[in-house]
Amino acid sequence: MEIIGEACTKVDLDLKLQYPHIEWRKMSDTRNRIVLDYYGVDYNIAWNIIMDKLPDLNFYI
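One structure accompanies this document, and this report is about it. Worth saying up front: this structure is predicted, and the values here are computed from it rather than measured. (Residues numbered from 1 in each chain as written. Predicted model: local features only at pLDDT ≥ 70, side-chain atom pairs only at ≥ 80, totals over all residues. Heavy atoms only, no water.)

### Here's the deal with the overall build of the protein
What the protein contains, in helices and strands, is four helices and zero strands. Secondary structure elements of the protein, listed N to C terminal, follow the sequence α-α-α-α. The principal-axis extents of the C-alpha atoms in the protein amount to approximately 35 × 20 × 15 Å. Counting the 61 residues in the protein, one finds 13% classified as buried. In the protein, 53% of the contacts between residues at least 6 apart in sequence involve partners at least 24 apart. On the protein, roughly 5,200 Å² of surface is accessible, and the fraction owed to carbon and sulfur atoms is 58%. A gap of 4 Å separates the mean positions of the 7 positive and 10 negative side-chain charges of the protein. (Helix = DSSP H or I, 4+ residues; strand = E, 2+ residues; numbered from the N terminus. Buried < 20%, exposed > 50% of the residue type's maximum accessible area, 1.4 Å probe, protein only. Contact = heavy atoms within 4.5 Å. Areas by Shrake-Rupley, 256 points an atom, 1.4 Å probe, with all protein chains shown as cover. Lys, Arg positive; Asp, Glu negative; His and termini not counted. Charge placed at Lys NZ, Arg CZ, Asp CG, Glu CD.)

This is the structure we're talking about:
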């Protein structure tokens, strides 16, 4: 999640506009929370992101 969050900050704006349903900002915010450890990491939330959100990104690869 850290790498995905960092990478999505480098994605060109035109591409982001092509895929507005992808939660670009949430991915980068999640990366920041993990890396900077804002208030600790909730592992249940992290697991739910991995199981529920991550597979949706694979669709676009």
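### Quick word on the side chain of arginine 31
For arginine 31, the location among the structural elements is in helix H3 (residues 24-36). A distance of 3.1 Å separates the side chain of arginine 31 from the side chain of glutamate 6, its partner in a polar contact. Contact partners of arginine 31, with chain neighbours within four places excluded, come to Met1, Glu2, Gly5 and Glu6. (Polar contact = N/O pair within 3.5 Å; in protein donor to acceptor, adjacent residues only side chain to side chain.)

### Describing the environment of aspartate 29
Relative to the assigned elements, aspartate 29 resides in helix H3. Taking the C-alpha atoms as reference points, aspartate 29 and isoleucine 49, 20 residues apart in sequence, are found 13 Å from one another.

### What about the layout of surface pockets?
Roughly 700 Å³ of internal volume is contained in the largest pocket. Going through the elements one at a time, H3 and helix H4 (43-58) are the ones with two or more residues in the lining of the largest pocket. Broken down by element, the residue count for the lining of the largest pocket peaks at seven residues, all from H4. A class-by-class count of the residues in the lining of the largest pocket yields 14 nonpolar, three polar and seven charged. (1 Å grid on protein atoms, 1.4 Å probe; cavity = no way out; pocket = protein on both sides within 12 Å on 5 of 7 lines; lining within 4 Å. Points joined across faces, edges and corners; volume = space filled by probe spheres on them. Nonpolar A, V, L, I, M, F, W, Y, C, P; charged D, E, K, R; others polar.)

### With respect to H3
Its 13 residues give H3 an end-to-end C-alpha distance of 18 Å, which sits within 8% of 18 Å, the value for a rise of 1.5 Å per residue. Those residues of H3 that fall on the buried side of the exposure criterion are Trp24, Met27, Ser28 and Arg31. What you see down the axis of H3 is that its buried residues fit within an arc of 95°, all on one side. Across from the buried face of H3, at angles greater than 90 degrees, the exposed residues are Arg25, Lys26 and Arg33. (Expected span 1.5 Å × (residues − 1). Arc of directions from axis to C-beta.)

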